[in-house]
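Residue-level structural notes
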Amino acid sequence: MSRAWRLPGGCPYACDFCSVTPTWGNKWRNKSNDRIMAELRDAKAHGYNWVFFTDDIFVVFPNVRQRDELFDRIIEEDLGLKYIVQMRADVTAKNKPLIEKAARAGVKVAFLGVESGSEEVLKKMHKGEFTPQSVDAVNTLSRNGIVTLVGMMVGAPYERLRDIIASIRFSRKLARAGADAIQFSIYTPLPGTRVFDDAVRNNLLFTLDWDRYDIVTPPVMKTRLGASHGSDCTVLRNLQLLPLQVLQGGR
Ligand code: SF4
């Protein structure tokens, strides 16, 4: 039995596509380790085996020490729960002993939002991290036996074909570093984000049908790629299939 668990939200970063900061704010907030431990004991008592911490980033630089203590306490109490977390590549790569401890505490699955293999696109997204950190992070998680799921995107309004090719090539590198699955989604201007406001201002949206704003349906926004290579839908649909072929031949 599994339970999704959200510690209080907020993210200190400001990626242009992300709805977390417009929804939860730019300040990271947290529960005390005492409270988290009490809730984990409660989950255990109710028969749960898996806990998914749905925090957008489980470890951020200001809470490294607190998470370190939390993992110590989880190891000490030996609750026997397994955990799923969402991480950032930079924090993961810079805190290898913490990741080793996380694995000992029972973290079994981690999701990393890598987004792009193009440094230029990452800069424009304001992602605040770069490709070498992502390879290092995937490698660190994988070496510790943590199943590593990677999220990437195609279709940012400023992305060129060569950036997408860089992302596809980079996904092969991540697979070699130990990524267990890599998901390519369509960059979608979610309401409330800077990219949505820009798209409205520049008349780039095809539709305001929210059912289509789901990161997998063909794009809802005009892109540079669509303008130079035909319809956005056809180009991005085909590109979504490409990484699968690349990985099948690349690992
Ligand atoms: S993508 Fe991740 S790091 Fe960027 S703003 Fe959203 S939650 Fe924060």
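Everything numeric in this text was worked out from a predicted model, so none of it was measured.

With that settled, the discussion passes to the site of the ligand. Close contacts around the ligand come from Cys11, Tyr13, Ala14, Cys15, Cys18, Val20, Thr21, Asp56, Ile57, Arg88 and Gly113, and that covers them all. Its residues assigned to classes, the shell around the ligand shows seven nonpolar, two polar and two charged.

This next bit is on the nonpolar core. Residues Met87, Leu112, Val138, Val150 and Leu174 are the most contacted members of the largest nonpolar core, which totals 54 residues. Leaving out residues up to four positions away in the same chain, Val138 has contacts with Leu112, Thr148, Val150, Leu174, Ala177, Gly178 and Ala179.

Relative to strand E3 (residues 82–87), strand E2 (residues 50–53) is paired through three bridges, and the arrangement is parallel. Within E3, the position partnered with Phe52 by the bridge is Ile84.

Another point: helix H8 (residues 161–177). Taking 1.5 Å per residue as the helical rise, H8 with its 17 residues ought to reach 24 Å, and the 25 Å between its terminal C-alpha atoms agrees with that figure. Those residues of H8 lying buried are Asp163, Ile164, Ser167, Ile168, Phe170, Ser171 and Leu174. Seen end-on, H8 carries its buried residues on one side only, within an arc spanning 165°. Just beyond H8, the residue with positive phi is Gly178, at close to 120°.

Take the pairing of E3 next. Crossover connection from E2 via helix H3 (residues 64–77) to parallel E3: handedness right-handed. In terms of strand pairing, E3 meets strand E4 (residues 107–115) through five bridges, oriented parallel. Counterpart to Tyr83 in the pairing with E4 is Val107.

H8 packs onto helix H7 (residues 131–143) with a crossing angle of 30° between their chain directions and a minimal axis gap of 8 Å. Regarding the angle of H7 to H8, the classification is roughly parallel. Remark: the crossing between H7 and H8 carries right-handed chirality. Counted together, Thr131, Ser134, Val135, Val138, Asn139 and Ser142 of H7 and Phe170, Lys173, Leu174 and Ala177 of H8 form the full contact between these two elements. Of the residues belonging to the contact of H7 with H8, the class tally is five nonpolar, four polar and one charged.

We now examine H3. With 14 residues, H3 extends 20 Å between its outermost C-alpha atoms, agreeing within 8% with the 20 Å of an ideal straight helix rising 1.5 Å per residue. Looking at H3, one finds that the buried residues are Arg67, Leu70, Phe71 and Ile74. The buried residues of H3 occupy one face: seen down the axis, they fall within an arc of 100°. In H3, the exposed positions that point more than 90 degrees away from the buried face belong to Arg65, Glu69 and Glu76. Where H3 is buried, its residues contact helix H2 (33–45) and helix H5 (96–105). Downstream of H3 by one or two residues, Asp78 has phi in the positive range, about 50°.

This part is about the environment of Lys124. Within the secondary structure, Lys124 is located in helix H6 (residues 119–125). Once the C-alpha coordinates of Lys124 and Ala156 are considered, the two residues, 32 residues apart in sequence, prove to be 9.4 Å apart.

Here we come to the packing of H2 against H3. Packed helices, taken two at a time, are described by the angle between their axes plus the distance between the axes. Running from amino to carboxyl end, H2 crosses H3 at an angle of 35°, the nearest separation of the two axes being 10 Å. Where H2 crosses over H3, the two elements pack in a sense that is right-handed. In contact with Asn33, Ile36 and Met37 of H2, H3 contributes Gln66, Glu69, Leu70 and Arg73. Taken together, the residues of the contact of H2 with H3 break down into three nonpolar, two polar and two charged.

The rules behind these values
- Residues numbered from 1 in each chain as written.
- Predicted model: local features only at pLDDT ≥ 70, side-chain atom pairs only at ≥ 80, totals over all residues.
- Near = placed C-beta within 6 Å.
- Nonpolar A, V, L, I, M, F, W, Y, C, P; charged D, E, K, R; others polar.
- Core = buried A, V, L, I, M, F, W, Y, C linked by C-beta atoms within 7 Å.
- Buried ≥ 20, exposed ≤ 12 C-beta atoms within 10 Å, placed from the backbone.
- Contact = placed C-beta atoms within 7 Å.
- Pairing = 2+ DSSP bridges.
- Helix = DSSP H or I, 4+ residues; strand = E, 2+ residues; numbered from the N terminus.
- Expected span 1.5 Å × (residues − 1).
- Arc of directions from axis to C-beta.
- Right-handed = clockwise from strand over helix to strand, strands pointing away.
- Axes fitted to C-alpha atoms, helices over the stretch in contact; angles between N-to-C directions.
- Parallel < 35°, antiparallel > 145°, perpendicular 65-115°, else oblique.
- Left-handed = near helix turned anticlockwise from the far one by under 90°.

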